[in-house]
Every structure is written in C-alpha cells, then in structure tokens.
Amino acid sequence: MTTSRLSRNSDGPGAGGALQAEVDLLGALAYGELTGFLRLSAHADKAPTLEQTAEVGALAVEEFHHYELLVERLRELGADPRAAMRPFVAAVDAYHERTTPNDWLEGLLKAYVGEGIATDFYREVAAFAPDPTRELVERLLDETSGAEFVVGAVREATERDPRVAGRLALWGRRLVGEALSQAQRVAADRDSLTVLLVEGGGAGTDLVAIGKMFNRLTENHVRRMLRLGLTA
C-alpha cells in the first residue's frame, strides 16, 4: 500500500519526515489553487466588460491547471491528494470567509495581494524541498500570470476616481494581515513545514530566521501595493 511511505516517522526528522513535509507543501498548494480556481470563476461574472471576464476566466483556468499538476505529483509520491489537502482546508477557508470582496476591484486586489503573499510563502518553503517537487513548485509559482491585467485595471479605476484609492488601500491592509495570519497558521499547524524551513536552511536557520522570512513577505507586499499606485 503506497500510503505506508507516509506513515514512517511522518512527524519527525529523517526520510519519513522529509516526505511528509513534501506532501504537506504540495497539499497546501493544491488546495490553494483549487479554491483560487473556484473563487476566480465566480468572480469573473462581476467583471464590467466582456474582455475582463475573459481575463479572469483565463486566470481561473491557470489555477486549475496548476492544481492538476500538483495532484499528479502527490500521486507520484504515493499520497492521497484529498488527504494531503485536508489539513489546510480550515485555514484557507477561514481566510476566504474573512476576506469576501464587496465588489469587482476588491476581488481583483485580493487575487493579486493574497495570491502574492501565498506565492512568496510557499516559494520560501519550496526552496528546501527535494527535486522534482522543488522544481515543479517554483515553476508553477513563476508561471502565475495576471499581474499586468490587475495592475492596469486598478490604476485605471483610481485615475478615474481618486477616492477609490483610499478604499482599496484599506482593503489591502486588511488582506495582508489576514494572509500573513493564514501563512502563520499553516506553518504552526503543520510542524513538517517549519522543520523543512529550519533543517533545510542549515544550522543558521531558526525561528528568528523564520520571523525574518515573514518580514520579507511584508516587504514584498509593500512593493506590490506601490506598483498598484496604492499605499501599503
């Protein structure tokens, strides 16, 4: 039975723990991509133009394709994709429940800001995962598109009505707080991911270094907001 590969020392160091960390990383990403697909698909109907509907639809398709590739890799490792995703359902769903957009622009900002923080977090974790998982995750994260579309749409809206910028800036602050909390919860709930970061980084990596990682996530968020023409 392939699941036996995950039962050996799954929460501790060694080969079993490393495999569990790999499965957890893929499971978290897979559920994030699946929910991203579902929410982007629903949000596409709110687009003010047909062209923008198509743009968001294309982003949703991309998310689902990523989900399929992550599920395929989980199966290669002998893992049940549903079981691998299940530990992350509560954290991801809670994030979405607390950040329901009120309109089209808030939805776009959520896709760009929330996705950006998640991408940064999982890229940090994936840096210490073994190949071919590391290569797959980094390739999928690098392939995520739509930034130019979102930046253009938000800037156009704020230029048309400058009052929109203040509202979106406040929304961005709420998003970053919730997204960072989600990332911290994921790391806390699954010790394997924290161990991957600590042990993968060598003797110089500890909880202080992980704190610095979250600072980097915040700095990247500030840069994204500035690109949108919004204050962080």
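Residues numbered from 1 in each chain as written. Predicted model: local features only at pLDDT ≥ 70, side-chain atom pairs only at ≥ 80, totals over all residues. Heavy atoms only, no water.

Colleague: Any chance you could explain the environment of D45 here in plain terms?
Modeller: The residue D45 is located in the loop between α2 (15–43) and α3 (50–76) in this model. Exposure remark for D45: the relative accessible area of 69% places this residue in the exposed category. (Helix = DSSP H or I, 4+ residues; strand = E, 2+ residues; numbered from the N terminus. Buried < 20%, exposed > 50% of the residue type's maximum accessible area, 1.4 Å probe, protein only.)

Colleague: Where do I start with the packing of helix α6 (residues 104–126) against helix α9 (residues 163–189) in this structure?
Modeller: Between two packed helices, both the angle of their axes relative to each other and the distance between the axes serve to describe the pair. Contact geometry for α6 and α9: axes closest at 9 Å, N-to-C directions at 35°. Crossing handedness for the pair α6 and α9: right-handed. Of the residues in α9, those touching α6 at L105, E106, L109, K110, V113, I117, F121 and Y122 are V164, R167, L168, W171, G172, L175, V176, A179, L180, A183, V186 and A187. Residue classes in the contact of α6 with α9 are distributed as 16 nonpolar, 1 polar and 3 charged. (Axes fitted to C-alpha atoms, helices over the stretch in contact; angles between N-to-C directions. Left-handed = near helix turned anticlockwise from the far one by under 90°. Contact = heavy atoms within 4.5 Å. Nonpolar A, V, L, I, M, F, W, Y, C, P; charged D, E, K, R; others polar.)

Colleague: Any chance you could explain the packing of aromatic side chains here in plain terms?
Modeller: Within a pair of aromatic rings, the relevant descriptors are the distance that separates the centres and the angle that separates the planes. Overall, the coordinates contain 4 aromatic pairs when judged by the stated rule. Ring centres of F121 and Y122 lie 5.0 Å apart, and the angle between their planes is 65°; on these two criteria the pair is classed as edge-to-face. Taking the relative accessible area as the measure of exposure, F121 reaches 2% and is therefore buried. With centroids separated by 6.1 Å and ring planes inclined at 25°, the aromatic side chains of F121 and F214 adopt a geometry described as stacked. With a gap of 93 residues between them, F121 in helix α6 and F214 in helix α11 (residues 207–228) connect regions that are remote in the sequence. Counting every residue linked through ring pairs, the aromatic cluster contains F37, F64 and Y67. (Phe/Tyr/Trp six-rings, centres within 6.5 Å; stacked < 30°, edge-to-face > 60°.)

Colleague: I keep staring at unusual backbone geometry and nothing clicks. Help me out?
Modeller: Across residues other than glycine, the phi torsion is negative in most instances, and most of the peptide bonds are trans. With omega at 5°, the peptide bond leading from D131 into P132 counts as cis. Structurally, P132 can be placed in the loop between α6 and α7 (133–143).

Colleague: What's the story with the side chain of Q182 in this structure? I'm lost.
Modeller: By the element assignment, Q182 lies in helix α9. Every residue in contact with Q182, bar those within four places of it in the chain, is listed here: A91, V92 and Y95.

Colleague: Which parts of the structure should I look at to understand the pattern of salt bridges?
Modeller: A pair can form between side chains of opposite charge whenever their charged atoms are brought close. On inspection of all chains with the given rule, the structure shows 17 salt bridges. Linking E106 and R167 is a salt bridge whose minimum nitrogen-to-oxygen distance equals 3.1 Å. Of this pair, E106 sits in helix α6 while R167 sits in helix α9, and the two are 61 residues apart along the sequence. A salt bridge links R123 to D120, with the shortest nitrogen-to-oxygen separation between them at 3.8 Å. In this pair, R123 and D120 both sit in helix α6, 3 residues apart, roughly one turn of the helix. Residue R123 is classed as partly exposed on the basis of its relative accessible area of 28%. The network of salt bridges with shared partners includes D120, R123, D142 and R224. (Salt bridge = Lys/Arg side-chain N within 4 Å of Asp/Glu carboxyl O.)

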